[in-house]
Amino acid sequence: EAKAKAEEEATAKAKGKAAAEEDGEDWEEVAEKLEKAEEEKEAESSDSESGSDDEGSDSGSDSSGSSSDSFIGYRSPILVIMGHVDTGKTKLLDKIRKTNVQEGEAGGITQQIGATYFPDIALLEQTKKVDPDFDIEVPGVMIIDTPGHEAFNNLRARGSSLCDMAILVIDIMHGLEPQTVESLNMLKKRKCFFVIAMNKIDVCYNWNSKSYTSIKDALGRQEQDTMDDFNNRYQRVVGQLNEQGLNVELYWKNDDPRTTVSIVPTSAITGEGVPDLLYLMLRSAQQIMPDKLEIQEELQCTVIEVKNIEGMGTTIDVVLVNGTLRVGDQIVIAGITGPIVTTIRALKTPHPMKEIRVKNEYVDHQSISTSMGIKICAPDLEQAVAGAELMVVGPDDDIEEMKEEVMEGFDSILQGFEKQTEGVYVKASTLGSLEALLTFLTDMKIPVFDVGIGEVHKKDVKKACIMKEKKHPEYAVILAFDIKINAEAKAQADHDGVVIMEADIIYNLKDKFEKYMEKVKESKKTEKKEEAIFPVILEIDKQYIFHKTNPIVVGCNVKGGQLRVGTPLCLPDKDNLCIGRVLGIEKDRKSVKSARTGESVCVKIEQNTAQQHILYGRHFDHTSLLYSAVTRGSIDVLKELYKDEMKKEDWELIIGMKKVFNIS
């Protein structure tokens, strides 16, 4: 009964708002009026309930045990928008919100999590374009616009993902891209319900656009050649998704959304398909996961960002999923140096349809119990860790136990990766971005020596400098992701020769580091050129003996390995007698830098003063095989710097040569 009553109220509320909207009233004012009316109703009902309590207890009714009595109502579902760089994730969110956040983002790629709350009245305006009879039963929708990794890998509240459902944005022009596949795998792994927004349809040939129309209307007004282009591109993306093991279908043709993923074609530029996307997410939330969206008493709250704001000091942005936060509550959260226990001084929320990330006027609250993004002002938040769980201390709670619990997630991320004895030092702005970066670096096989969260200080530079003492100066590097570099730290880094690489985008950080490592490798190669001795065995051709003394010039067949200019040659059958270095190689009377197995070349061997007495015909002849004079050191240099230039057969030859030269 209570559930049915809540649904009736939600329907009446939605219809009332829709009617008000049609009369041209400001929907925010209407929403406020309705909320006031609801509050008054609640106050009346609570009075009447307290009066009827005694009667109820006398009647001996068992109905208090029924599950419907515990139903308080629905909370707002939390959505996450995922996808590859530049597929239009934030633009799509902007189109829903009709504000412009993306221009304030680094490289147009979302790096910090932004959370936006959309009240049901704003959603109703769009959903009625698709289905005028659709009733919204949830109070609104909260959308988290994220780099993807964080919302799932890290922002977890008690083991469950912060998000209820996801929108995966795919560019219809480019199809599946590496990050799209990564997001897909993440969604499958988490068993998270998602729909696909096939974005950028307005780029199709001769597209006839009309703002904010439903996708069926948009497709219905296109010419045949435009539809042909759309269908070709759509089928290509469907084929790629099928290869990933997904069954997909346009949402209005999808009869089984639990096993087949729905596709909504959209345009973040014109807003076409946006009403359908909102309608589909709301319909799915209400049909597929109503139990999950029932309001729970137990607190479920996650820190998404730590920010220093003028006039407010250090604040934390949190997503409240369930439970209640009140001004004056004592809270426990994870800190960089240990757990933080503090008291909430203020609870602030942005106006509906605005994002927490963007500076604007905030609304103050004494308590909040709806799922939404909240800014908390409290003392001692400087060390707070973004991505950690927030807990409220109750009258019977053990603070020490809670401290341990909040630090568990933080410690698990830092312990979840293996610190290398030699590697780079990584610092990031949030726990989520740190985890995303660590995952990325592990995939790229970039070793990490230590990690941290927050601004780069002098002590961090000292830590990175340890790599120089460990004889690995190339790793005296700090990868700083989306954080500030302290002026003292910059000066110290210049003095100590520590490289600080800054970037707001993970991909840029990776590019910078790869370019840096390429330079390091090239300079090392130049430095150790003499030490790099490639394995080779040469057989002298007795028909082509051109010069028997320094420089010795003979024709040779390469029996194994690769011959290079500068290679020292020796005779294993003459007690490893070194006869000189390869000064030049000619093939078909043309100078070449190297020769491989099976090739016949002319080799010029230059001798130093100590070797000039060694002559062809006297000390050796065509019956002796010439070997490159490999050493333990030269093998190590090949392993470190020339792996990409060595083939499998070269390594096999090295194994044989180690026995010849007794190398351990």
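Look up: the structure comes first, before these words.
Treat the numbers as computed from the prediction; the structure is a model and nothing was measured.

Rules behind the numbers
Residues numbered from 1 in each chain as written. Predicted model: local features only at pLDDT ≥ 70, side-chain atom pairs only at ≥ 80, totals over all residues. Heavy atoms only, no water. Helix = DSSP H or I, 4+ residues; strand = E, 2+ residues; numbered from the N terminus. Buried < 20%, exposed > 50% of the residue type's maximum accessible area, 1.4 Å probe, protein only. Disulfide = S-S within 2.5 Å. Salt bridge = Lys/Arg side-chain N within 4 Å of Asp/Glu carboxyl O. Pairing = 2+ DSSP bridges. Axes fitted to C-alpha atoms, helices over the stretch in contact; angles between N-to-C directions.

With that settled, consider unusual backbone geometry. Here the residue pair N550 and P551 is connected by a cis peptide bond, since its omega of -10 degrees sits within 30 degrees of zero. Structurally, P551 can be placed in the loop between β24 (536-547) and β25 (552-564). Residues other than glycine seldom take positive phi values, yet N576 does so here, at roughly 55 degrees. Within the element layout of this structure, N576 appears in the loop between β26 (568-571) and β27 (577-587). Of note in this structure, R589 is not a glycine but carries a positive phi near 65 degrees. Relative to the helices and strands, R589 is located in the loop between β27 and β28 (590-592). What makes R589 exposed here is its relative accessible area of 81%.

With that settled, the discussion passes to the state of the cysteines. Scanning the model with the defined rule gives zero disulfides in all. We note that C602 lacks a disulfide partner, and the nearest cysteine sulfur, in C556, lies 8.0 Å from it.

Further remarks concern the pattern of salt bridges. Any two side chains of opposite charge can pair, on the condition that their charged atoms come close. Counted under the stated rule, the structure contains 17 salt bridges. For R233, the salt bridge identified is with D229, shortest N-O distance 3.1 Å. With R233 and D229 both in helix α8 (residues 224-243) and four residues apart, the pair spans about one turn of that helix. A salt bridge links R564 to E645; its shortest N-O distance comes to 3.0 Å. With R564 in strand β25 and E645 in the loop between α15 (632-641) and α16 (648-660), the pair connects residues that are 81 residues apart, well separated along the chain. According to the relative accessible area criterion, E645 is partly exposed, its value standing at 24%.

Attention now moves to the sheet that holds strand β19 (residues 390-392). The strands making up a sheet are joined through hydrogen bonds of the backbone, oriented either antiparallel or parallel. As summarised here, the arrangement of the three strands in space is β14-β13-β19, forming an open sheet in which the pairing is antiparallel. Edge strands, defined here as strands with exactly one partner in the open sheet, are β14 (340-343) and β19. Taken over all neighbouring pairs, the strand axes of this sheet differ in orientation by 30 degrees on average, direction set aside. As paired elements, strand β13 (residues 330-333) and β14 share four bridges and run antiparallel to each other. Following the sheet pairing, Q330 is matched in β14 by T343.

So yeah, pure geometry; function would need other evidence.
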